[in-house]
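A closer look at the structure
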Amino acid sequence: MKYKRILSHYTPVICTTLLFLSILCSDDAGADKNNSIFGENIAGTYLLNEDDDGGFRIVTITADGSCFGIHSYQFDNTFSNQQGSWKQTGERKITARTLNFTLLDDGVGSSRFAYTVEFDNTFQQVSGHLSGKLFPPGTDPLDPVAVPIRTFSNTFSGKRLTVTDK
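Below you will find a few notes about this structure. (Residues numbered from 1 in each chain as written. Predicted model: local features only at pLDDT ≥ 70, side-chain atom pairs only at ≥ 80, totals over all residues. Heavy atoms only, no water.)

**Notes on the pairing of strand β6 (residues 107–119)**
In this structure, strand β5 (residues 93–104) lies alongside β6, joined through twelve bridges in antiparallel fashion. Its bridge partner being in β6, T102 is matched across the sheet by G109. Counting the residues that bridge the hairpin from β6 to strand β7 (residues 125–135) gives five residues, and of these F123 lies at a positive phi of roughly 60°. (Pairing = 2+ DSSP bridges. Helix = DSSP H or I, 4+ residues; strand = E, 2+ residues; numbered from the N terminus.)

Below, the structure written as structure tokens:
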């Protein structure tokens, strides 16, 4: 009789624990489905037109949180492509951070950029703001107290590159 009482007492606890663990370990609970869908919606290549005659950028955003860019003036100003990462910060909004290298008179410096990008309802048009800091050679651009030798900012608008039938 004692064993039946113990079994009847602990069976609901064991079943509840197993149910809780199965939910906790499932793919739906472990992954952020909305962020994954959002990443798939924004993944692509965009042509950005910077205001104030800032030139053009071609930016590629991946679904998994990376981004890459090239600027139309970089060949005249001897700086590299940009690479970085993004995160969702709103319903149709991301914040991105990128780095690049810049050839300066006294060596190779680096730049750190911050982007805020908002997508339209169809994820085909974008607008946003960028700001950047240029650091001298030997300075860690990820150090929050690093002193830049130049800062800059601009706004932009753009559209997604798509494959058409024409």
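**As for the nonpolar core**
Here is a general trend for soluble globular proteins: nonpolar side chains tend to be buried in one another's company. One finds I42, I61, I94 and F119 to be the most contacted residues of the largest nonpolar core, which totals 18 residues. Breaking this core down by element, the ones donating at least two residues are α3 (33–42), β1 (44–50), β2 (56–61), β5, β6 and β7. Looking at this core, the element that brings in the most residues is β6, giving four residues. What I61 contacts, discounting residues up to four positions off in sequence, is I42, A43, G44, Y46, S66, C67, W86, I94 and F119. (Core = buried A, V, L, I, M, F, W, Y, C linked by side-chain atoms within 4.5 Å. Buried < 20%, exposed > 50% of the residue type's maximum accessible area, 1.4 Å probe, protein only. Contact = heavy atoms within 4.5 Å.)

**Side note on the layout of surface pockets**
In this structure, the largest pocket occupies an estimated 360 Å³ of space. R57, F79, F113, R150 and F152 are, among the 17 residues lining the largest pocket, the residues nearest its centre. Mapped by element, the contributors of at least two residues to the lining of the largest pocket are β5, β6, β7 and β8 (150–160). Element by element, the count of residues in the lining of the largest pocket is highest for β8, at four residues. Residue classes in the lining of the largest pocket are distributed as six nonpolar, eight polar and three charged. (1 Å grid on protein atoms, 1.4 Å probe; cavity = no way out; pocket = protein on both sides within 12 Å on 5 of 7 lines; lining within 4 Å. Points joined across faces, edges and corners; volume = space filled by probe spheres on them. Nonpolar A, V, L, I, M, F, W, Y, C, P; charged D, E, K, R; others polar.)

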